[in-house]
There are 2 protein chains.
Amino acid sequence: MLHSSDLLKKNGLSITESRKQILELFLLSDGALSHSDIEKKTSAAFDRVTVYRTLQTFVEKGIIHQIPTTDNSILYGLCKDSCEAGHHHDEHVHFLCNSCNKTICLDDVTVPHVKLPNGFKPLQSAMVVKGFCDDCKVS
Amino acid sequence: MLHSSDLLKKNGLSITESRKQILELFLLSDGALSHSDIEKKTSAAFDRVTVYRTLQTFVEKGIIHQIPTTDNSILYGLCKDSCEAGHHHDEHVHFLCNSCNKTICLDDVTVPHVKLPNGFKPLQSAMVVKGFCDDCKVS
DNA sequence: TAAAACATGCAACAATATTGCAAATATAAA
DNA sequence: TTTATATTTGCAATATTGTTGCATGTTTTA
C-alpha cells in the first residue's frame, strides 16, 4: 500500500499535515475530488488558501491531474506512476456518472487519436464520457 | 448569412438588444467565448446578470453549447443547425490552441467511441485536444 | 394601441479565487 | 540534538464569479 508520506518524499515535497491528509483523501477516494470536496472531507481543518496551494503543488509535481468539466469547477484525479513533474501522462478517459455523480479515472482506457483538419498539431487530448457507472447501471 | 434575429425568432425567443448583440458575437467569433469574454467585447453594456441569463437561455434552446475546460471557467460555442432545445448534437472535438489560446469547435471531427469496462453505459462524450491551431502552427 | 407576457437592471448576497505578509513548521547543517 | 535556513501555513484584505428577488422597462400578442 502506497503511503502519502512516501509519495510526497518521492516528489521532493516537505511532509506537512495538510499535504499528508489531502493526499490521503485522493489515495482512499474512488473518484475525482474538487476543492470543495476536500474542504468538506477535511472538515475545513485547513485554510482555503492552503488547499488551493496544495492542489496547485500536486498538479505541478504530477501527483494529481485536472479533469475537464462543463461547469465552473475544477476536478482533480490521482495520477498514475508514469506521471512526472511537468510531464503528465493522463491521457485516459474520464467517466462522469449521471446517477452517483462521481467522476472516475478509467486508467486503462486511453483517449483515441483523432484525425484533425490540416494544419492542426495535437499535443494532448482529454476525454470525458457521461453515462451510468458500474455501480449505478440499471441491470 | 445567418442573422441573429432570425436565429432568435426560430427558437421562439423575443428579440432584445442584449440577445442580438451577444448572439452576434458568437456568429462573428471564430472561437468559443466565456462569460468574461462577452463582458469585455460588449464593453459591459449589459448587466452581468443579463449575460448569465442570456447564456443560460441560449444553452437551453440549443443555440450554444458548453465546452469542458480544466480551469474554473465555462466556455460556450455556437451550435450547428442540428441542435435543438434539450437535445444537443455537439459531439464534435474541441481544439484549444496553446499559442493563441482560442478554443475552436471542429464541427466535422466527431468524438470517437471508446470501449469502456464492463458495466459502464455511455450516453454522451466530450473531447478536447490541445496543441497548435491552423494559424499558429510552426510551418 | 392596450394588455399581457417577458426580459432587464439593480441591490443584496453567496461562493470561489488570489496576493502579501507575518507566524509557524519542516528540513538541513552544525 | 540544537540551531539556522528554507519552506509552508494561516490570516487579512481584496478580486472575481455566480445567484436570487423584485421593480421597471421592453417586446409581443390580441
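Just so it is clear, the model here is predicted, and its values are computed rather than measured.

### Details of helix α2 (residues 17-28) of chain A
An α-helical segment advances 3.6 residues per turn. Residues three or four places apart therefore align on the same side. All names here are of chain A. The end-to-end C-alpha distance of α2, which contains twelve residues, comes to 16 Å, matching closely the 16 Å that a straight helix rising 1.5 Å per residue would cover. Every buried residue of α2 is listed here: Ser 18, Arg 19, Ile 22, Leu 23, Leu 25 and Phe 26. End-on view of α2: buried residues confined to an arc of 145 degrees, all on one side of the axis. Looking at the buried positions of α2, the neighbouring elements they touch are α1 (4-10), β1 (33-34), α3 (35-41), α4 (48-61), β2 (64-67) and β3 (75-78).

### With respect to the protein's contact with DNA strand D
In the region of DNA strand D, 16 residues are neighbours, and A:Thr16, A:Ser18, A:Thr50, A:Arg53 and B:Tyr52 sit closest. Near the protein, meaning within 4 Å, the atoms of DNA strand D are sugar or phosphate in a fraction of 65%, with bases accounting for the rest. Between DNA strand D and A:Ser18, the relevant distance is 2.3 Å, taken from a phosphate oxygen to a side-chain nitrogen or oxygen of the residue. Separating a phosphate oxygen of DNA strand D from a backbone N or O atom of B:Ile15 is a distance of 2.8 Å. The set of elements that each furnish at least two residues to the surface near DNA strand D consists of α2 and α4 of chain A together with α4 (48-61) of chain B. Counting residues per element, the surface near DNA strand D draws most heavily on α4(B), at four residues. Its residues placed into classes, the surface near DNA strand D shows five nonpolar, six polar and five charged.

### A look at the interface of chain B and chain A
Across the contact, 39 residues belong to chain B and 39 residues belong to chain A. When chain B packs against chain A, close to 3200 Å² is buried across both sides, 68% of that on carbon and sulfur atoms. Looking at the side of chain B facing chain A, the largest losses of area belong to B:Thr70, B:Phe120 and B:Lys121, adding up to 17% of the total buried there. The interface formed by chain B and chain A holds zero salt bridges in total. Along the contact surface separating chain B from chain A lie nine residue pairs in polar contact (both at pLDDT 80 or more). Within the residue set of the side of chain B that touches chain A, elements represented by two or more residues are β2 (64-67), β4 (92-97), β5 (103-110) and β6 (121-132) of chain B. Of the residues forming the side of chain B that touches chain A, the biggest block, twelve residues, is contributed by β6(B). Among the residues making up the side of chain B that touches chain A, the classes are represented as 22 nonpolar, eleven polar and six charged. The sheet contact formed by strand β6 (residues 121-132) of chain A and β6(B) spans eleven bridges and is antiparallel. Considered in β6(B), the bridge of A:Lys121 is made with B:Phe132.

### Quick word on the sheet that holds β3(A)
Residues and elements named next belong to chain A. Read from one edge of the open sheet, three strands run β1-β3-β2, paired in antiparallel fashion. In this open sheet, the two strands that pair with only one neighbour each are β1 and β2. As paired elements, β1 and β3 share two bridges and run antiparallel to each other. In the strand pairing of β3, Leu 33 is matched with Tyr 76. In the packing of α2 onto the sheet, contacts are made with β1, β2 and β3, and the angle to β3 comes to roughly 75 degrees.

### Details of the nonpolar core
When a protein is soluble and globular, its nonpolar side chains tend to lie buried together. Core analysis: the biggest nonpolar cluster contains 24 residues, and A:Phe95, A:Leu106, B:Phe95 and B:Leu106 have the highest contact counts within it. Counting only elements with at least two residues in this core, the list comes to β4 (92-97), β5 (103-110) and β6 of chain A together with β4, β5 and β6 of chain B.

### Things to note about the protein's contact with DNA strand C
Lining the immediate environment of DNA strand C, one finds 17 residues, of which A:Tyr52, B:Ser18, B:Arg19, B:Thr50 and B:Arg53 sit closest. Among the atoms of DNA strand C lying within 4 Å of the protein, the sugar-phosphate backbone contributes 68%. Between DNA strand C and A:Ile15, the relevant distance is 2.8 Å, taken from a phosphate oxygen to a main-chain nitrogen or oxygen of the residue. Within the side chain of B:Thr50, an N or O atom sits 2.5 Å from a phosphate oxygen of DNA strand C. Among the secondary structure elements, those contributing two or more residues to the surface near DNA strand C are α4 of chain A together with α2 (17-28) and α4 of chain B. The biggest single contributor to the surface near DNA strand C is α4(A), with four residues. Each residue belonging to the surface near DNA strand C can be placed in one class, and the counts come to five nonpolar, seven polar and five charged.

About the thresholds
Residues numbered from 1 in each chain as written. Chains lettered and ligands numbered in written order. Predicted model: local features only at pLDDT ≥ 70, side-chain atom pairs only at ≥ 80, totals over all residues. Heavy atoms only, no water. Helix = DSSP H or I, 4+ residues; strand = E, 2+ residues; numbered from the N terminus. Expected span 1.5 Å × (residues − 1). Buried < 20%, exposed > 50% of the residue type's maximum accessible area, 1.4 Å probe, protein only. Arc of directions from axis to C-beta. Contact = heavy atoms within 4.5 Å. Near = heavy atom within 4 Å. Polar contact = N/O pair within 3.5 Å; in protein donor to acceptor, adjacent residues only side chain to side chain. Nonpolar A, V, L, I, M, F, W, Y, C, P; charged D, E, K, R; others polar. Buried area = accessible area lost by both parts, 1.4 Å probe. Salt bridge = Lys/Arg side-chain N within 4 Å of Asp/Glu carboxyl O. Pairing = 2+ DSSP bridges. Axes fitted to C-alpha atoms, helices over the stretch in contact; angles between N-to-C directions. Core = buried A, V, L, I, M, F, W, Y, C linked by side-chain atoms within 4.5 Å.

Shape descriptors only; they carry no functional weight alone.
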